[in-house]
Amino acid sequence: MTYGARVAAVRRWLEAARSVHRDRARIAEAVAASSGLTAEGVELGFSCLEQDASDEEIVALVEAAGEAERVHVILSANVFVAPLRAIALARAASSRVTVRPSPRDPVLARALVAAACDPAIAIVEEQDVAAIATGEIHVYGRDATITTVRERARAGVTVRGHGAGLGLAIVTRAADVGAAAEGLAADVVPFDQRGCLSPRVALVEGDAARAAAFAGALHERLATWAERVPRGRLDAEERREAVRWRDTMAFAGRVWAAEDHAVGLGGAGEALAVPPAGRHVLVAAVKALAEVSDAIAPIARFVVAVGTDDVRAAGSCAPAPARVSALGRMQRPPLDGPVDRRSTPSSPDRESPT
Amino acid sequence: MSAEVESDALHARVRALIDAFEQGRPMPEAYDDVSRDVVRFQGEHVPGYARLCAARGVDPGAVTAAAGAPAVPVDAFRVSRVFAFEERLARFAFRTSGTTTGARGTHFMRDAATYDAAALAFGRAMLARDLASPPVLVLGPSEPEARDSSLGHMNALFARAFGPPPAGPAHFVVNGALAVESLRASVESLPAPAIVLATSFALVHLLDAIGHARLALPPGSRVMQTGGFKGRSREVSAEDLREGVARAFGIDERDVVGEYGMTELSSQFWEATAVDPAARRGVYVEPPWARVVPVDPETLDPVADGQVGIARIEDLANVDSAFAIVTQDRVRRLAGGFELLGRAPGAPARGCSIALDEMLAAAQAGR
């Protein structure tokens, strides 16, 4: 496949995305049922569906995709719009793509493939990894899923794993607390914080009082968001974790809680109590940006995205592979490659031994 | 009254309960009476507990019975300070196993006398009630090698209190390796019933090392088995491990006794199979100064009898830390005690935001 053909294939795929977005009302209910999001949450999620990309972004995506004889995409736990980028990457790499949708959340993948009418892309119901003889497997999901696929893949088949992660916010000393809280809330609410770009920890440069002011402001902004976009249902395990985390934070610091969210303020210098997904945010103070690396060291390898009021200043202390963007833009990374740029033991790309 | 003086008085009251138990006397005070004062004390001197009580709308000074005390999530020991004294007074720091997020839970104590009294009194009752001075063999590191381990502390305590083996060392894990030949020599030299204290994974390593051979203990000996595998050995079902251990040591399966303890506690829970012919395997009993209550994981209210809940554990011996904690272990009350059912099985999470369980894969509480 020529370079131009690959670029053209991605452009056609984006046309399919626009088509699905236009007709989203047809599948919104099914997406809500499978994702657990409210109708408003689904509509907000659709606003994060990539429908366009600049020439430079598509070139970057095609280059990141590489080339493969065949690509087998296995979609599992992810946010509902994730199939767009996953299949775009596969299609950019190959003219023979099979997609096994997530059994729990198959709606968007099927809709996109149907809208694309691209003979190069086929939906498969089952994917026996051990039977794949050539090409690449792109697997999305938990580390355990990726490990299983790697163990079962034949020699000579490349497995690209895209694992789970989280987002981090860094609020610099120069930030307006209210504006930063507004931006962060806009990043927390989409997908009810279940995406790997979703921020769950916010480090605020300054003293504990400033961190508390930020936490209070974030609480207010999340409450306002909840009026427009109520949180969807949480699974039993998510509800249990939420109770546990709120009580832990009440003990360790302070909690601002409402029905649809909670913001916890951690004690200065204490270990980070990373919250569960479901609109829960841990806020902690750092005296200076130079302390960010130490503060996040235990979770740095899980950080996929960093949102900040000062991309230049905060970007220098973000974990190297993480995408760095302005607060409020964390859920909308350009379509220039995989969302997750990490190359860590939890989600390494590797050639199977030959 | 200073916090220290008040704490000392509470420790004395709890030790009076322990003494009464050891001597077969009635409890000198009601459980709820002591818990009421411990909860009030912790509300006054553990700032985090005061905050937790406030968040739950509870005045710790107005709690009249143990059940009314909010329980501290064990995670609090990892991200906060759970003690009622000045940090400089801490003489012991027991830590949980490491986690992938770095922080380890720490249970600080300024005085281990109540811990020691509780552990010895109930341990002796469940493991060695009918044995005079059984030598103790520990399939674990010595206390200096595992200075921050509460299990290491308890094992060393038992070894000191009950007696060392007549020949050789008392501990058979050296530099992380099981000293099988040294253990064999010690076992062969035993003149009378002995006590073996071991983690489940150490026992699996031992069984793997000796194969079909036996290390026959004198009749009447007992083996304490505690903890899970924590990825440190292959996993073996409880039944298979018990059977294998009994065969290897040449003892009755009822003399392989399970113990359940946590770094965050000062008391332990034991199977009673060695001392009560009616006791069921897998059912743990509490000492009179501690209780395990299955609670709903969302409301934290007690569940109906026979229903499964997560373990809310009350421990009067935790005078200076947290009287009540809540864990993620599932338990069910049965006649005579409670059954341990392991961690709550989490539903596969939606989305690609990393799950806490995945992030804390190695966070199973260790001792």
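Residues numbered from 1 in each chain as written. Chains lettered and ligands numbered in written order. Predicted model: local features only at pLDDT ≥ 70, side-chain atom pairs only at ≥ 80, totals over all residues.

**Q** I keep staring at helix H3 (residues 39-46) of chain A and nothing clicks. Help me out?
**A** An α-helical turn contains 3.6 residues, so any two residues separated by three or four positions project in the same direction. The set of residues buried in H3 of chain A consists of Gly41, Val42, Leu44, Gly45 and Phe46 of chain A. In this structure, the buried residues of H3 of chain A make contact with helix H1 (3-22) and helix H2 (25-35) of chain A. (Buried ≥ 20, exposed ≤ 12 C-beta atoms within 10 Å, placed from the backbone. Helix = DSSP H or I, 4+ residues; strand = E, 2+ residues; numbered from the N terminus. Contact = placed C-beta atoms within 7 Å.)

**Q** I'm lost on the interface of chain B and chain A in this one. Help?
**A** A common way to express how large an interface is: the accessible area buried when the components associate. Taken together, the contact between chain B and chain A spans 31 residues of the former and 43 residues of the latter. Where the side of chain B that touches chain A is concerned, the elements lending two or more residues are helix H3 (47-55), strand E1 (72-73), helix H4 (76-79) and helix H10 (356-359) of chain B. Residue contributions to the side of chain B that touches chain A peak at five residues, all from H3 of chain B. Residues belonging to the side of chain B that touches chain A are distributed by class as follows: 18 nonpolar, seven polar and six charged. (Nonpolar A, V, L, I, M, F, W, Y, C, P; charged D, E, K, R; others polar.)

**Q** Sorry, what's going on with the nonpolar core here?
**A** A general tendency of soluble globular proteins is for nonpolar side chains to be buried together. Residues and elements named next belong to chain A. Membership of the largest hydrophobic core comes to 224 residues, with the highest contact counts inside it found for Ile87, Leu112, Leu218 and Val283. In terms of residue count, helix H5 (residues 82-93) provides more of this core than any other element does, nine residues in total. Once residues lying within four places of it in the same chain are set aside, the contact partners of Leu112 are Ala16, Ala17, Val20, Pro83, Leu84 and Ile87. (Core = buried A, V, L, I, M, F, W, Y, C linked by C-beta atoms within 7 Å.)

**Q** How should the domain arrangement of chain A be read in this particular structure?
**A** Residues and elements named next belong to chain A. With domains assigned, chain A is organised as domain 1 (3-163) and domain 2 (166-326). The gap between the C-alpha centroids of domain 1 and domain 2 is 29 Å. Between domain 1 and domain 2, the contact holds nine residues from the first and 11 residues from the second. Here the residues of the side of domain 1 that touches domain 2 sort into four nonpolar, four polar and one charged. (Domains from an automatic or database assignment.)

**Q** Explain the sheet that holds strand E10 (residues 280-286) of chain A here, please?
**A** Backbone-to-backbone hydrogen bonds pair the strands of a sheet. The strands run either parallel or antiparallel. Residues and elements named next belong to chain A. With respect to topology, seven strands assemble into an open sheet ordered E8-E9-E10-E7-E6-E11-E12, the strand pairing being mixed. Of all strands in the sheet, those with a lone pairing partner are strand E8 (254-258) and strand E12 (323-326), marking the two edges. Ignoring strand direction, the axes of neighbouring strands in this sheet form an average angle of 20 degrees. Pairing between strand E6 (residues 166-171) and strand E7 (residues 199-205): five bridges, direction parallel. Across the sheet, Gly167 pairs through a bridge with Pro199, a residue of E7. (Pairing = 2+ DSSP bridges. Axes fitted to C-alpha atoms, helices over the stretch in contact; angles between N-to-C directions.)

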